[in-house]
Structures are given as C-alpha cells and as structure tokens.
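Letter by letter, the chains look like this.
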Amino acid sequence: MKSFTDVSVPAVPGLEVLLSAPNRVTMKGTITLQDGSALSAFFRALHGRARDNKLGEVELDVTSLRFVNSSAIRLFVDWAVWVHGDGAYKLRCRIDRRQTWQKTSFSALIAMVDDAIVVEEAS
Amino acid sequence: MDRERKPDPPSSSKTAWSSHSSGSFKSPSHESQPASATRVAAPLPAPGTTVVQILCSSGSSLLEPTHAYLTAYCKARFGARASDKLSVAIYELLANAIAYGSLGDVVVEILEGTVTPGVRVANNTTMARIGMLNGHVSKLRADPGKTLLDEMKRSSSGTVRPMLGLVRVVHEVGCQLDVSVTGQRVVVTAFSRG
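Residues numbered from 1 in each chain as written. Chains lettered and ligands numbered in written order. Predicted model: local features only at pLDDT ≥ 70, side-chain atom pairs only at ≥ 80, totals over all residues. Heavy atoms only, no water.

**Some remarks on the overall build of chain B**
Step number 1: For chain B, the helix and strand inventory stands at five helices and six strands.
Step number 2: Counting helices and strands in the order they occur from the N terminus, chain B gives β-β-α-α-β-β-α-α-α-β-β.
Step number 3: Expressed as a percentage of the 194 residues in chain B, the buried residues total 47%.
Step number 4: Counting only contacts in chain B whose residues sit at least 6 apart along the sequence, the fraction spanning at least 24 positions is 68%. (Helix = DSSP H or I, 4+ residues; strand = E, 2+ residues; numbered from the N terminus. Buried < 20%, exposed > 50% of the residue type's maximum accessible area, 1.4 Å probe, protein only. Contact = heavy atoms within 4.5 Å.)

Here you go:
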C-alpha cells in the first residue's frame, strides 16, 4: 500500500507543499495559477490515496498560505466536493482567521459541504 | 511608472448602463489650501488621485508581475493592512480585465483616496460581457454572502467564473465597489474601507 506522503508534489511557483505522515498537507506561500491542472491532479491524488488507505481524516494546514487567486479557491472547493461525494474521510482544515480569504472561503465551504470538512483556527 | 497626475474631471458621457455602486465614488476635487506663511512639505494629493498607472493589453502575461509590483508599492505607501486588502482587489480586477477584455489598453491605477486607497481598472469588452457584469453586480449588491456561495458552487462545476473575483473584492476584503460603463469601456473601482 502506497503511503499518503508518497504522492508526488508538483512544482508551483511561489508555493511550498509539505506532506507529513500520516495524513497532513501543509501549504505555504501563494497560489496565483491561471492553469490549476497540476494542483488539481495533486489534490485528486491525495484524495485517492486517503480513500484507498482508509484514512479517517486528512489535515490540511493553510495557515501560511498568504494569497490565493480565484482559480486556487476553486481547487479547494473541488477537493471538498470530492470528500463530500465519497464520504470516505473528513478534511480537517487549519486556518488563520487573520487571513481574510481563509476565513471567508472556508466558512463558505462549510455551508456547502458541512459534513465533509472541519475548520479549526490556529491560535 | 509613478507619475504625478491631476485628478480626472467627472465623467459626462455615460451610456444607458447606469453605474452600479455599492457606495459612492466621489470624483476627485481640488482642496483649497489653508493660508500659511510657510510650507515645509509638498501638499498631499487631492482625494482619489492616481498615484500609479500601468497600461497593458488584454491577454497579456503581465498579471503576476504587475500584481507583485503594485502590492509591494501599496504596502510601502499605505501600510500592510491596507495593501493586504487592496492586493486581492488589484489581482481580481486586473485578472478579469486581462482575461475578458477585448482590443485596447487595460489601465490599472492605484488611487489615493480621502481616507483609504483604492484601485481602478479600465478595459474594453463586449456588450454581452457588460450585460453579464451588470447582472452579477446587481446580485452582489443584494447579497454578497449568498453570491459568494453561489459562485463557489458554480466554480466546482469545472468553469472558473470571473465573478468569483468580484465577490471576493466585496465580501472577502470588504471593498466599496463601483462599476461604470461608457460604450464598451468598463471601469471598475474598488476602495478599501479601512
């Protein structure tokens, strides 16, 4: 069985992605992609791996993700929708409420798919 | 790219498409200077004065470097708090103009307002897109939170909607948004609310 941390991380300018066992994804920097296909494929791979490995939860830490464009927000929406559709695990999102995009976007995500994600605010 | 400019006079040639404002955008006016025997510093720019203007074209690849430059400029001039909000507005308005503008210059300006700074982006576009824009701005004015939710749901269907950007400008960073149309020229202005 392939590990969650074995998923290949795409090279995205301005973005640092760290995968740590057993189920954590940390994203730092910025996402200003016009073409989100590489990150979308990455999120899809993580989703598949979490489901196949029967992880009860994936932790997504975006506290250090300072700026994202609308295309990037769509990627998080997609991931939440996949999780909602499969029902295989929960996506626990760690946010910094001082980052307005995180507070607004993840609040909206809860309204969309509240059974799929949990949002916790970093202290 | 920085240049001193006199404030623009109020527009007098608007078409039947009225300005959809979530607040008023006052045209810059000339403040009278108090009488004083000496002046030791240059007077502040008049309200709504353009302090930076950049021209590019629709479809250009200048979005990222322009955004990076303007964000850094705003941070230096207006402080981190204001620039963080403006940064979202700069990116989303300019991204829309470059992606959906038609032939002609895209003009992005940083404005020094009476209280807070702002950004103004102007571009030509098609009448069909102007119609879409007006419809969207109406929904945004009525209920920004619901519009954000609606646009996020639509974005998951596989099509990146340009309107998610405008919603972010209003709902996420709380900017005051004004849209003005003259013929096929659209001018979108966002002022930080402080």
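**Here we look at the nonpolar core**
Step number 1: Core analysis: the largest hydrophobic core is formed by 89 residues, its most contacted members being Met27(A), Phe76(A) and Trp79(A).
Step number 2: With residues up to four places along the chain from it excluded, the contact list for Trp79(A) reads Val25(A), Phe43(A), Leu46(A), His47(A), Val58(A), Leu60(A), Tyr89(A) and Leu91(A). (Core = buried A, V, L, I, M, F, W, Y, C linked by side-chain atoms within 4.5 Å.)

**A word on the side chain of His136(B)**
Step number 1: With respect to the helices, strands and loops of the structure, His136(B) is situated in helix H3 (residues 127-142).
Step number 2: Filtering out sequence-adjacent residues up to four positions away, His136(B) remains in contact with Thr147(B), Glu151(B), Met163(B), Leu166(B) and Val167(B).

**Thoughts on the interface of chain A and chain B**
Step number 1: Of the residues lining the interface, 20 residues belong to chain A; the matching set on chain B comes to 21 residues.
Step number 2: In this assembly, chain A packs against chain B so that about 1,700 Å² is buried in total across both faces, 66% of it on carbon and sulfur atoms.
Step number 3: By the criterion of area lost to chain B, the three top residues of chain A are Phe67(A), Ser70(A) and Arg74(A), representing 32% of everything that side buries.
Step number 4: Scanning the region where chain A abuts chain B turns up zero salt bridges.
Step number 5: Put simply, the parts of the chain that give the side of chain A that touches chain B at least two residues each are strand S3 (57-68), helix H2 (70-86) and helix H3 (100-113) of chain A.
Step number 6: Split into classes, the residues belonging to the side of chain A that touches chain B amount to ten nonpolar, eight polar and two charged. (Buried area = accessible area lost by both parts, 1.4 Å probe. Salt bridge = Lys/Arg side-chain N within 4 Å of Asp/Glu carboxyl O. Nonpolar A, V, L, I, M, F, W, Y, C, P; charged D, E, K, R; others polar.)

**Describing unusual backbone geometry**
Trans peptide bonds make up the majority, and among non-glycine residues the majority have a negative phi.
All names here are of chain A.
Step number 1: Going from Ala21 to Pro22, the amide bond is cis rather than trans, its omega being 0°.
Step number 2: Relative to the helices and strands, Pro22 is located in the loop between strand S1 (15-20) and strand S2 (24-31).
Step number 3: Positive phi values are uncommon outside glycine, yet Lys54 reaches one of about 55°.
Step number 4: You can see Lys54 is positioned in the loop between helix H1 (37-52) and S3.
Step number 5: With relative accessibility at 72%, the residue Lys54 sits in the exposed group.

**A few points about the environment of Ala80(A)**
Residues and elements named next belong to chain A.
Step number 1: Position of Ala80 relative to the elements: it lies in helix H2.
Step number 2: The buried category is assigned to Ala80, whose relative accessible area is 1%.
Step number 3: Taking the C-alpha atoms as reference points, Ala80 and Val113, 33 residues apart in sequence, are found 6.9 Å from one another.

**Regarding the packing of H3(B) against helix H5 (residues 163-172) of chain B**
Residue and element names in this part refer to chain B.
Step number 1: At their nearest, the axes of H3 and H5 sit 11 Å apart, and the two run at 35° to each other. As H3 packs across H5, the resulting crossing turns out to be right-handed. Residues Met132, Leu133, His136, Val137 and Leu140 of H3 form the contact with H5, whose own contacting residues are Met163, Leu166, Val167 and Val170.
Step number 2: Of the residues assigned to the contact of H3 with H5, the class counts are eight nonpolar, one polar and no charged. (Axes fitted to C-alpha atoms, helices over the stretch in contact; angles between N-to-C directions. Left-handed = near helix turned anticlockwise from the far one by under 90°.)

**Some thoughts on the sheet that holds strand S5 (residues 117-121) of chain A**
Through backbone hydrogen bonds, the strands of a sheet pair up, either in parallel or in antiparallel fashion.
All names here are of chain A.
Step number 1: Taken in spatial order, the five strands of this open sheet run S1-S2-S3-S4-S5, and their pairing is mixed. Each of the sheet's edge strands pairs with one partner strand only, and the pair in question is S1 and S5. Between one strand axis and the next, the sheet turns through 20° on average, direction left out of account.
Step number 2: Its contacts with the sheet place H2 against S2, S3, strand S4 (90-95) and S5, and it is angled at close to 170° to S3. (Pairing = 2+ DSSP bridges.)

These results come straight from atomic positions and should not be treated as a statement about function.
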